[in-house]
Amino acid sequence: MKRIPFIKAIILFVIVSQSCTKVLDRKPLDTISEDIVWDDPSLVAGYVTDLYSKFPFFAFEFDNWDNWTDESSDAIGNNNDVTHGTVSKTLESNPYFDYTYIRSCNVFFQRMETSLIDESTKNQLEGEVHFIRAFSYFEMIKRYGGVPLVDTVLDPYGTIDVKYTKRASEEAIADFIDAETTLAASLLSQTPTPKGRASKGAAMALKARAMLWAASIAKYGSVQLSGLVGIPEEKAAGYYAKASAAADSVINSGNYALFNELPDNKSENYRKLFLVEENSEVIFEKAYDGTNIGHRWDSENGPNQWSIRGGTSDPTLEFILGYENIDGSTDQPEFGTDKLYSNGAEPFVKKDPRLFATVFFQGDPWANGTVQTYEGLDPSPIPTPSEVLRNPNLSYMNVPTVGADSRSLTKDDFSTSTGFHIKKYIDDSGVKIPEGLSKTNWIVFRLAEMYLTKAEAEFELGNKSTAADALNMTRSRAGISLVDETSITLEKVRTERRSELAFEEQRWWDLRRWHIAESVLNHRFQGLQIIFHYDSGKFYFIPFDAESFSRVFRPAHYYNPITTARIDNNPQLVENPLY
Amino acid sequence: MRTKIYLMALLLSLSCFEISMAAYSQRVTFQKKNASLEEVFSEIQRQTGLSFLYTQEMLKGTKLVNVNYRNTPVVKALDDCMAGQSLSYVIDKTTIVIRRVSFVQSPRVVTPPVRIIGKVTDSTGQSMHGVSVTIKGTNTGVTTDENGAFSIEVKDKNDILVFSYVGFTTLEVPLNGRSSISVSLSEKPSSLNETVVIGYGAKRRANLTGSVSTIDAKVLSAPSTPSIGQAMMGRASGIFVKNVNGQPGENKVSYNIRGFGTPLLIIDGLPAATNDFNQLDPNDIESFSILKDAAASAVYGAVAGNGVILVTTKRGSSGQARISYSGNYGLQYFAVLPGFVSSEQYARMENLARFNEGLDPIWTDEQLQKFKDGSDPLRYPNTNWLDVTLRKYAPQMQHNISIQGGSEKVKYFVSGGYFLQEGLERNSETKSRRYNLRSNIDIKATQRLNIGINLSLLAQDYFGSAVQLERTSSDFGIMGSIYRARPYFLETYPDPTKTPSSANSPNILSQTSIVGYKRKDQVTGDVKLNFSYDLPFGIQAKANYHLYRTYGQYKEKREKTPTYDYDANTDQYTLHNYTKDPNSLRQRDWVGNNFDQQYFLTWKKTFNNHTINALTVYEVLSYDSNYVEASRIRYNYDIDYLFAGPNLDKDNNGSAYQGGREGWITRLDYDYNGKYLVEFNSRLDASPKFPSNTRWGFFPSLSVAWNITKEGFMEKLLPTLNNLKLRASVGKLGYDNVGNFQYLQTYSIQSPYIYDGGTNVIERGIQANALANPTITWEKMTTSNIGVDFSLWGNLLEGSIDYFYRRRSDVLGTRIVSLPNTVGANLPSVNYAKYDNRGLELSLNHNNKIGNVYYSFGGNISWNREKSLLVDQTLFSNEEAARTGNRIGQWTDLAWGKKTAGLFTSKEEIENWADQDGRNNATILPGDLKFVDYNGDGRITAEDNVIIGRGTFPKLTYGINLTVAWKGFNFAMLWQGAGMYDVFLLNSPDVTLPFYAGNTPITSMLTESYIPDNPWLPSNTGANAKRPLFRTDNYNREHPSFGWDYSDFWLISGAYVRLKQMELGYTLPQKLTRKVGIDRLKIYVAGFNLLTFSAVDYMDPEVDTNPALDFGLYYPPVGTYNAGIQLQF
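Residues numbered from 1 in each chain as written. Chains lettered and ligands numbered in written order. Predicted model: local features only at pLDDT ≥ 70, side-chain atom pairs only at ≥ 80, totals over all residues. Heavy atoms only, no water.

Trainee: Hey, could you run me through the overall build of chain B in this one?
Mentor: When its secondary structure is counted, chain B shows 19 helices and 55 strands. Expected size for 1129 residues packed as a compact globule is a radius of gyration near 32 Å; at 35 Å, chain B falls within 12% of this value. Counting only C-alpha atoms, chain B reaches 120 × 70 × 65 Å along its principal axes. A buried classification covers 54% of the 1129 residues belonging to chain B. Counting contacts in chain B only where the partners sit at least 6 residues apart, residues at least 24 apart contribute 68% of the total. A distance of 10 Å separates the average location of the 115 positive side-chain charges in chain B from that of its 109 negative side-chain charges. (Helix = DSSP H or I, 4+ residues; strand = E, 2+ residues; numbered from the N terminus. Rg over C-alpha atoms; globule rule 2.2 N^0.38 Å. Buried < 20%, exposed > 50% of the residue type's maximum accessible area, 1.4 Å probe, protein only. Contact = heavy atoms within 4.5 Å. Lys, Arg positive; Asp, Glu negative; His and termini not counted. Charge placed at Lys NZ, Arg CZ, Asp CG, Glu CD.)

Trainee: It is not clear to me how the packing of helix α10 (residues 266–273) of chain A against helix α15 (residues 464–478) of chain A should be interpreted in this structure. Could you clarify?
Mentor: Two quantities define a packed helix pair, namely the angle between the axes and the distance from one axis to the other. Residues and elements named next belong to chain A. Contact pair α10 / α15: the axes reach a minimum separation of 8 Å and the direction vectors enclose 115 degrees. In terms of axis orientation, α10 runs roughly perpendicular to α15. For the pair formed by α10 and α15, the contact residues are Lys 266, Asn 269 and Leu 273 on the first element and Ser 476, Arg 477 and Ala 478 on the second. Tallied by class, the residues present in the contact of α10 with α15 amount to 2 nonpolar, 2 polar and 2 charged. (Axes fitted to C-alpha atoms, helices over the stretch in contact; angles between N-to-C directions. Parallel < 35°, antiparallel > 145°, perpendicular 65-115°, else oblique. Nonpolar A, V, L, I, M, F, W, Y, C, P; charged D, E, K, R; others polar.)

Trainee: I tried to follow the pattern of salt bridges on my own but got confused; where do I start?
Mentor: Think of it this way: side chains of opposite charge can pair up when their charged atoms draw near. If you walk through the whole model with that rule in mind, you get 88 salt bridges over all chains. Glu 500 of chain A serves as the salt-bridge partner of Arg 477 of chain A, at 2.9 Å between the closest nitrogen and oxygen. Of the two residues, Arg 477 of chain A sits in helix α15 while Glu 500 of chain A sits in helix α16 (residues 490–500), which places them 23 residues apart along the sequence. The residues Arg 477 of chain A and Glu 500 of chain A share a single accessibility class, namely buried. We note a salt bridge from Asp 442 of chain B to Arg 315 of chain B, for which the minimum N-O separation is 3.0 Å. Pair noted here: Asp 442 of chain B is in strand β27 (residues 431–444) and Arg 315 of chain B is in the loop between β23 (308–313) and β24 (319–334), with a separation of 127 residues, a long-range link. Among the residues examined, Asp 442 of chain B registers a relative accessible area of 22% and is labelled partly exposed. Here Arg 315 of chain B falls in the partly exposed class, since its relative accessible area comes to 26%. Taken together, the salt bridges that share partners define one network made up of Glu 281, Glu 324, Asp 352, Arg 354, Lys 424, Arg 446, Arg 475, Arg 477, Lys 492, Glu 496, Glu 500 and Glu 504 of chain A. (Salt bridge = Lys/Arg side-chain N within 4 Å of Asp/Glu carboxyl O.)

Next comes the structure, spelled out in structure tokens:
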């Protein structure tokens, strides 16, 4: 009799226990499960959106690429591994070896094979992802030369074919980019908008840029490591032709036109080109809204009065002097205590109008104010540099001895180191834009580059007349003298490219593909001391070394190192020469 | 008549229990004066039908009684009428058998009883109320009265009296013919009899076989600390508790058992969230156990790998209601803060920094003079931002009142607590409040059924400025702003309503007051219901149910605030910008639920000298939570609700989570006469974090112990040894600390992108989370432990020593490195790595009483260290890569960097040294660091990295405590220390690099740096230069080779020792307090974090070393001074 409750208890104990096991079968409530992703057009499109959000734009890379070139220096002496020449196999700068991103693209193609979404959507998205994958490989070839060519989804748990771990030749990667962009262009729509989405024009523009790269490597580089870096010289002409043809197809598509809304003010027209959103010249861009997605160009680069920090990339004197004069000549202004000018731009008044849209000078009016980059006040009757007052806390006869945007303001974190600030892409709304909240769009491809590419490719092919016509497109818009087949030189082609594309992250790569970095960069870059002479109310200028050392660019640095870390991880990789 | 009662235990679901309760539930009503027992018995018989069995002989000489029964239980009626009658009774089903007491207990000799009187006091001479006094070998006993007095009748003047009281040593006193004795009980000189709470049960310490540390709960509630975590510091071996943050409402502490990581926290038998654990009222805690080895924690299975901390809350005990009150008031202060240089020193240092770089001075002599003499405070101020922003002391207050008592049937403990802590920001109203209510009730429902009801309610409120002292994801934080504020910035402008701009001061004052607020409220209700039922054969069934719900709300208002620039020359203000623009209101609400069930069966059997205990438990835990948050911006109206904001740019989000756990626990425990002890524990555990085929795991453990002193030979061999026990254990544990659902491929929404730069419409993409790992399972750990517990010289010295070895395998981590990078997969965690860890723990305690002085002195010390046996690493392509990259077979706490050989002092030395800057040292100056060229290649590169020190987690931790009591006074002191680890100062550049990111240098940068000949500061080129030459910030940060590189120069020992707690108390004589009806009244003063000894005087040694939170960017730990009172009625 007494055992009954005991047995009952045991039975109930077991029943209750068994009914509780469902606690283990939980489902994630905060993620999306794989099985619904690939047949839903909106989720597939979302997957591609994610690829765009991780796209290697390298937009507004202040403090980096510009300062590695002759374009600019920075407030803290431009001390970095690249300018010091200390990049080595254990220390890389500016890496991009992103096979995670490549895998994401490959997964997309693999899933599309069985996806049930409609063909036209599939074609459009596949075209975009081919463009994306090509761009990603282009970022790698620029740095490393040949890299492993992975165009399929590799199984991390299986054995991996050695062909996916060994570096392909630089030429093979160039050809892959050629094929990818051609395929992308065939799948993509003509319609150029919205410009944050890859279009046929964007694919062809990438092709033009990549083919020009390959051609230059073939012509100016040398084949090493059995072709892992370098392209045989005899291939150069073929790539130049492809570059020119691709550029031509964009030019002739009728979808784009050079920005020319202010034809009477060449300088202002050029400045607005970078601020008027979605203008006719833009082929592909990264868009910013300044709240959800923003950048730091304004907060880092504007004159101190309008920026949070300022002076992160300061145009060098060499860069400014590198502009042609309007008449095509290259004679330079004179500086010294006996040369008094009424403002900072005056010495350069003969220069290319684009210069004044690219660089801030002392006395430039800007957003209800005036740029004040003078670094000292000379109170002596006759300019005497040893008498100059340079104290930010001092005024002389109610005139501050140091301008509000001056390099003498070093007690604040950042000021210009050269006496100049970048003007290109700087927001002209006049407010101090907080860090990371700039909203100007970054132009990846614009039509002007296509003309320049065509001009360079045709010039290298010996077609000087075609080259001159293409080059004159940007020259005439800029308001400088035109060239013809007799006056065009390689120097002019390259100078025009430098002037037109300044601070657009092209120069670093141009110096590398032309193999002229050693001669251009191994130098101590200069700025101008801008001194206000109180008695005359004018300024005088003294060039000075803006950097504390001469930069070092070694022959090895035409390629990035593969690095020991990557080779340790994947012993099939071979280190680049001279590292 | 036979009565059957069916008890429906509704929640128990265990069906009905048929119980024969007959006599116990019957009641009688009967009044009569001078009634004979016979009359009483027959009346009871008439009313209840119970029959009486007695002889007339038995009733001879019994006294007449006055009875007044009104619906009185039979048992109570019988007790009353037979009180003092030398009769007893036994109930046998429906018959009440009356017996003569003397006949039963002493049938042969009838001696007249002797009355013994006496008094019981504690070690301080206070009389003790409620001490149980029993005659050894009988059930006869009394308790002492309010004056500690007792009176008891014994049969034999040579009987032995046993005095016992909770928390005190039980004392046996032979009467030896005395008829009056006075006895003094001492507080727990031996812990052997202490009951230790272990996983799913409790045991006497003497019978423990696993490694368990305990903390006496009484010490926790004495000096007031904001949380129990802070009170636990230094109290027990094998656990290291660090106070990493003093933010009111958080008081973040990190718990670490044996260097393993965050342990499992258990309150009253069920897992608790860290917040609930930290917010427990210390006054509510009864006991505290730390389960360290596998034997002790294996019953917690897959979550117990890092050890377990168990707390139980207080419960009622039978007896008169005892009301206790404790309250204290304290002042908090920052235990360690740096000092900053003055305006003049700042300017001189800045000139010098520029001088060192070959630049012109920026401050003129005239300006330096003005800073020095303070003659122009508007233009040349000298502001101490620490004083301006922070107050010296912030109040803290704690009250707790509890009532405890009960009868045999119902026992209760009810407690209410209030805790207030204010912040140290001067202008803010930062305030954290906590309200605790706890009600623990035990009901003996029937002879066999016990019900326990634990209710706990916790409410927390926090209010503070929108910008906290600590750095957050959205704000730099006030503490960091203090570093950024320069002494020559104005504290306020002449017009105090104009908030200074960040260019002139970092807005500190506005951030502490007017930029908005944060408010957090959280309410947690927690119900635990326990049912236990005694089944036949010594079996007990138990069911526990736990319902938990927490609801919280967070609200953050950010006020758009104008800031101004001020020109002292013209006395003009110009609008600089708006901070916290646009204004915004964000609100987040969350709910968490738990429902847990546990079903126990326990069995205990004793025969001869063998005792067997068996336990099996089935447990199901289930929890879910969700949150919703919303915000609006650009408010036009000052109304702090969401509805009042504009519709544009409103934002919201929400998500949910659910989880659970299931386990079968068994324990078998064998004890031979307390001499040989064997315990087997196991758990079959399932975690839903893993797929169904790898979900279940079996975690067994075995432990044995041998009480050597119970062997007959020991007493002769070593008579001074009171106790010696050897313990050994081995067991397997799991650890499932990994994200959920890693066995499924999932995608999450993230990554905004704009396709159309004209319209700026944001689209969000979906990204694949890490690849699925379909075979993922938990980490396994095998821990062996051997230990010795001993006590010597009549328990004067007690201690224990433990050694453990733990091997972890299948440790989860991503195998990024060894998979070729071109695969590009975002890899899931896999069970791969292996580590082992070993450690030694020692604790010693000495208690004694000399005259009126009782004292206790003790300490604990722990050491442990871990080695990597297998980790994810590459096949190194060369020897050098292997030298610096290999981690297999190495200690895990090694720091790598360059060795230094002091500072350069001359140009020649620099020229002859290895190339440090890649330019043959052309840029190196005297006062720069001298790096050692390890590989001798003449250049300083990454290949010169060597092991330069230890990791940042202490390998050695210790605590020392001293307690002295004399008469009513008591004094206690607790020190905590840690050692054998390093702090890497460069992780906190604010205290290493002068002018770092525009910071104001701390004073030691002025006094300790290498200073060459210059016009501004006295030279310091000698041996006392502990810091290198400084330059401007820009230069410093970009020149790693000048000294700001990972080197042993910046690696300093993290060792510290700290006076954690000190208390001086006085308990007033009872003679005085009784007059106002107070049983016990104690007043005390106490302090927390009172003294600190460490290698640096500007950095709290306990702060979080997480590099993401540099020193200076959070709320430093606080110290407190308290005064308090404890009352008992």
